[in-house]
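Below are the chains, spelled out letter by letter.
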Amino acid sequence: MQRETDQSRIILDILESVDRDGGRSQRSRASEVGIALGLINAYLKFCIRKGYLKARKISARSYQYMLTPRGFTEKSRLALSRLSDSLAFVRATRAEYADLFADAKARQWQSVVIAGGSSLVEICAICAIERGIRIVAIVDAGARPDRMLGVPVYGNLAAVAQPFDGAVIADLQDPRRVLAETVAALGADRVMIPLFLSAGLPRQEAA
């Protein structure tokens, strides 16, 4: 299933790339899509075989690629599928964070730190605000801005001067590391993580 998802993403990215500029070099297109040069060639040939693209030779070593009507249809279908998957992800994660903050409210938490720097931070923040829980800071070791969503951003928990009740994990890239560091700093009873992030963690870590 994951392989099919990755392939659909690559095909959509290629079709969108060709739609923007059919005359780009394969090396440039490979860099744009984020795959190896040899793979971009294979995917372009695949798209031609499927009838999504047409190619016209413009020099000894370069081609002009064009979307066919079938290619436009496939691009629209894949884009809609990606949007649907994205919306489904947002709905599911928002529901989990809503449950998590309901639990935080039951624990009488009034303020939290959000630990992580992924796109989950915004969803997490919205759910906290809906429950009337104040966000003191966002902690992200790789963060550049000093503020996000109007909240101060710090590289580590030790830099957070204001008191807070607990921390909520909102990191997609390396939730295991972020959870371990946060628990080490605060203790397990002051750290919460949604189920979808803890699914791949050992039971004692996810608790």
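Asks: Give a detailed account of the packing of helix H4 (residues 69-106) against helix H5 (residues 120-130), specifying residues and quantitative values.
Replies: Contact geometry of H4 with H5 gives a least axis separation of 9 Å together with a crossing angle of 45°. In terms of axis orientation, H4 runs oblique to H5. Considering only the axes of H4 and H5, their crossing is right-handed. Contacts from Phe89, Val90, Thr93, Arg94, Tyr97, Ala98 and Phe101 in H4 reach Leu120, Ile123, Cys124, Ile126, Cys127, Ala128 and Glu130 in H5. Residues of the contact of H4 with H5, tallied by class, amount to eleven nonpolar, one polar and two charged.

Asks: I'd love a proper account of the state of the cysteines, names of residues and values included.
Replies: For the structure shown, the criterion picks out zero disulfides. Here Cys124 is not cross-linked by a disulfide; its sulfur's nearest cysteine counterpart is in Cys127, at 7.1 Å. Taking the relative accessible area as the measure of exposure, Cys124 reaches 0% and is therefore buried.

Asks: Residues and numbers for the packing of aromatic side chains, please.
Replies: Tallied over the full model, the rule gives three aromatic pairs. Seen in terms of ring centroids, Tyr63 and Tyr65 are 6.3 Å apart; in terms of plane orientation they differ by 40°. Their pairing is tilted. Overall, Tyr63 belongs to the partly exposed group, its relative accessible area being 35%. Owing to a relative accessible area of 7%, Tyr65 belongs among the buried residues under this scheme. Seen from their ring centres, Tyr97 and Phe196 are 6.1 Å apart, and the 85° between their planes marks the pair as edge-to-face. A residue pair is termed long-range when its members are at least 10 positions apart, and Tyr97 in helix H4 and Phe196 in helix H7 (residues 195-198) qualify at 99 residues. Given the relative accessible area of 26%, Phe196 is considered partly exposed.

Asks: Tell me about the side chain of Thr182, and please be specific about residues and values.
Replies: Along the chain, the position of Thr182 falls in helix H6 (residues 175-186). Residue Thr182 is classed as buried on the basis of its relative accessible area, which comes to 3%. Discounting residues that sit within four places of it in the chain, Thr182 has contacts with Ala115, Leu157, Ala167, Ile169, Gly187 and Val191.

Asks: Quick rundown of the pairing of strand E3 (residues 111-115)? Include the residues and the values.
Replies: When you tally the buried positions in E3, you get five out of five residues, the bulk of the element. Side-chain alternation along E3 places Ser111, Val113 and Ala115 on one buried face and Val112 and Ile114 on a second face that is also buried. Across five bridges, the pairing between E3 and strand E4 (residues 134-139) is parallel. Counted as the bridge partner of Val112 is Ile135 from E4. With H5 bridging E3 and its parallel neighbour E4, the resulting β-α-β unit is right-handed. Where E3 and strand E7 (residues 166-169) come together, four bridges link them in parallel fashion. Within E7, the position partnered with Val112 by the bridge is Gly166.

Asks: Explain the pairing of strand E6 (residues 151-154) residue by residue, including any values.
Replies: As paired strands, E4 and E6 are joined by two bridges and run parallel to one another. Residue pairing in the sheet places Val139 in a bridge with Tyr154 of E6. Where strand E5 (residues 147-148) lies against E6, two bridges are found, and the strand directions are antiparallel. Bridged to Met148 within E6 is Val151. Taking the residues that link successive antiparallel strands as the turn, the E5-E6 hairpin has two residues, and the phi of Leu149 there is positive, at about 60°.

Definitions and cut-offs
Residues numbered from 1 in each chain as written. Predicted model: local features only at pLDDT ≥ 70, side-chain atom pairs only at ≥ 80, totals over all residues. Heavy atoms only, no water. Axes fitted to C-alpha atoms, helices over the stretch in contact; angles between N-to-C directions. Helix = DSSP H or I, 4+ residues; strand = E, 2+ residues; numbered from the N terminus. Parallel < 35°, antiparallel > 145°, perpendicular 65-115°, else oblique. Left-handed = near helix turned anticlockwise from the far one by under 90°. Contact = heavy atoms within 4.5 Å. Nonpolar A, V, L, I, M, F, W, Y, C, P; charged D, E, K, R; others polar. Disulfide = S-S within 2.5 Å. Buried < 20%, exposed > 50% of the residue type's maximum accessible area, 1.4 Å probe, protein only. Phe/Tyr/Trp six-rings, centres within 6.5 Å; stacked < 30°, edge-to-face > 60°. Pairing = 2+ DSSP bridges. Right-handed = clockwise from strand over helix to strand, strands pointing away.

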